[in-house]
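Read off the chains here:
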Amino acid sequence: MTTRPQCITCPLAFLIFGTALLHATTFDHTLFDFSDETATSEWRVNIYGRNASGEKGTARFEAVVGRNGEGALQLTAADAGAHNLISPVIPDGDWRARPYEALEVWYRGDGSTDKASMQLRMIGKDGVNYGYSTPLFLGNTNWQRAVLRDFWKRQGHPPLDLSRIERLYIAGSGTHTIAVGTIRLLEGRRRIHLEPSKT
C-alpha cells in the first residue's frame with residue numbers, strides 16, 4: 001500500500017492565497033523621461049576641451065523619438081574636444097529617503113567603437129560635490145537597456161549613494177552620436193503587499 005505524500009506548506013499556502021492577493025512592487029524612481037519640451041530644454045552642452053587642431057568642434061542636442069515612440073534626447077558631436085551634456089539639477093522629493101542599487105538608462109549608440117561616459121555628481125553628507133563615472137559603449141544602434149551599478153571614483157571619495165545625486169552628465173569627445181531615453185533609479189528590493197481577496 002502506498003501513501004500519498006503530504007504537502008506541509010499547502011495549508012499555509014491556502015491560508016495566504018485563499019484570503020489575500022499578493023502584490024510585489026518596487027519603488028523605482030524616474031529621473032528623466034524627456035516626455036515634453038521642458039524636460040529637454042533645461043539640458044545644456046558644454047565643450048571644455050579642444051580637438052587635435054586646437055579647435056573646439058561642435059556638439060549639439062535635440063529631442064528625438066525614442067524607444068516605443070517615447071521621448072529621447074540625442075547628442076551629436078563632430079570633431080569636438082572633450083564635452084558633456086549636462087542635466088538640470090535633480091529636484092528633491094520623498095525618493096531621496098529610499099536606497100537604490102542601480103541607475104537604469106535606455107540608450108542607442110551610433111555603431112562605432114567609441115564610447116561615451118555616464119557621469120554622476122553627488123552631494124556627500126559633508127556637503128562636498130563628488131564625481132563618479134562609467135562607460136556607455138556606442139556599438140549598438142538599437143535601443144538597449146543598461147543597468148549601471150559599478151562607477152569609477154577617485155581615491156578617497158565616499159561610496160556612491162544614488163539617493164544623493166545632484167546632476168547627470170553624458171561625456172565624450174570626437175565624432176559620435178548617442179540618444180538617451182528614460183533614466184531612472186532602481187531600488188532593487190521587492191516589497192510584498194497583501195490585498196483582501198474579492199472571492
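Structural notes, computed from the coordinates.

Cut-off values and rules
- Residues numbered from 1 in each chain as written.
- Predicted model: local features only at pLDDT ≥ 70, side-chain atom pairs only at ≥ 80, totals over all residues.
- Heavy atoms only, no water.
- Helix = DSSP H or I, 4+ residues; strand = E, 2+ residues; numbered from the N terminus.
- Polar contact = N/O pair within 3.5 Å; in protein donor to acceptor, adjacent residues only side chain to side chain.
- Contact = heavy atoms within 4.5 Å.
- Salt bridge = Lys/Arg side-chain N within 4 Å of Asp/Glu carboxyl O.
- Buried < 20%, exposed > 50% of the residue type's maximum accessible area, 1.4 Å probe, protein only.
- Core = buried A, V, L, I, M, F, W, Y, C linked by side-chain atoms within 4.5 Å.
- Phe/Tyr/Trp six-rings, centres within 6.5 Å; stacked < 30°, edge-to-face > 60°.
- Lys NZ or Arg CZ within 6 Å of the ring centre and 35° of its normal.
- Patch = residues over 30% accessible without salt bridge, like charges linked within 9 Å, V, L, I, M, F, W, Y side chains within 5 Å.
- Areas by Shrake-Rupley, 256 points an atom, 1.4 Å probe, with all protein chains shown as cover.
- Lys, Arg positive; Asp, Glu negative; His and termini not counted.
- Charge placed at Lys NZ, Arg CZ, Asp CG, Glu CD.

**Description of the side chain of His83**
Part 1 of the argument: Following the sequence through the fold, His83 ends up in strand β5 (residues 71-86).
Part 2 of the argument: Here Gly81 takes part through its backbone oxygen, which lies 2.8 Å from a polar atom of the side chain of His83.
Part 3 of the argument: For His83, the side chain forms a polar contact with the side chain of His176, separated by 3.1 Å.
Part 4 of the argument: Not counting residues up to four positions away in its chain, the partners in contact with His83 are Asn46, Ile47, Tyr48, Ala59, Leu75, Ala77, Ile170, Ala171, Gly172, Ser173, Gly174 and His176.

**Observations concerning the environment of Val45**
Part 1 of the argument: Within the fold, Val45 resides in strand β3 (residues 44-47).
Part 2 of the argument: What Val45 contacts, discounting residues up to four positions off in sequence, is Ala59, Arg60, Phe61, Leu75, Asn84 and Leu85.

**A closer look at the pattern of salt bridges**
Part 1 of the argument: On inspection of all chains with the given rule, the structure shows six salt bridges.
Part 2 of the argument: Residue Arg184 pairs with Asp28 through a salt bridge whose shortest N-O separation is 3.6 Å. Here Arg184, found in strand β11 (residues 165-186), pairs with Asp28, found in the loop between β1 (20-25) and β2 (29-32); they are 156 residues apart in sequence, far enough to count as distant.
Part 3 of the argument: For Arg184, a relative accessible area of 27% puts it in the partly exposed group.
Part 4 of the argument: Taking relative accessible area as the criterion, Asp28 reaches 26% and is therefore assigned partly exposed.
Part 5 of the argument: Ionic pairing is found between Glu101 and Arg149, a salt bridge with its closest N-O pair at 3.2 Å. Here Glu101, found in the loop between β5 and β6 (102-108), pairs with Arg149, found in the loop between β9 (144-148) and β10 (152-153); they are 48 residues apart in sequence, far enough to count as distant.
Part 6 of the argument: By relative accessible area, which is 41% here, Glu101 ends up partly exposed.

**A look at the nonpolar core**
Part 1 of the argument: Core analysis: the biggest nonpolar cluster contains 36 residues, and Leu31, Leu103, Met118, Leu168, Ile178 and Ile183 have the highest contact counts within it.
Part 2 of the argument: Those elements that provide at least two residues to this core are β2, β5, β6, β7 (115-123), β8 (129-137), β9 and β11.
Part 3 of the argument: No other element matches β11, which puts seven residues into this core.

**Remarks on the packing of aromatic side chains**
Part 1 of the argument: As enumerated under the stated definition, the model contains four aromatic pairs in all.
Part 2 of the argument: Taking the centre distance of 6.3 Å and the plane angle of 55° together, the rings of Trp95 and Tyr100 count as tilted.
Part 3 of the argument: Since its relative accessible area comes to 4%, Trp95 is described here as buried.
Part 4 of the argument: The class of Tyr100 is buried, set by a relative accessible area of 11%.
Part 5 of the argument: Among the aromatic side chains, those forming a connected cluster through ring pairs are Phe32, Phe34 and Trp43.
Part 6 of the argument: Over the ring of Tyr169 we find Arg121; its NZ or CZ atom is 6.0 Å from the centre of that ring.

**Focus: a negative patch on the surface**
Part 1 of the argument: Together, Asp33, Asp36, Glu37, Glu42 and Glu70 line one region of the surface with negative charge.
Part 2 of the argument: Summarising the element assignment, Asp33 is placed in the loop between β2 and α2 (37-41).

**Focus on unusual backbone geometry**
Part 1 of the argument: Even without being a glycine, Phe34 presents a positive backbone phi close to 55°.
Part 2 of the argument: Mapping Phe34 onto the fold places it in the loop between β2 and α2.
Part 3 of the argument: Unlike most non-glycine residues, Asn68 shows phi in positive territory, near 55°.
Part 4 of the argument: Judged by relative accessible area, which is 67%, Asn68 ranks as exposed.

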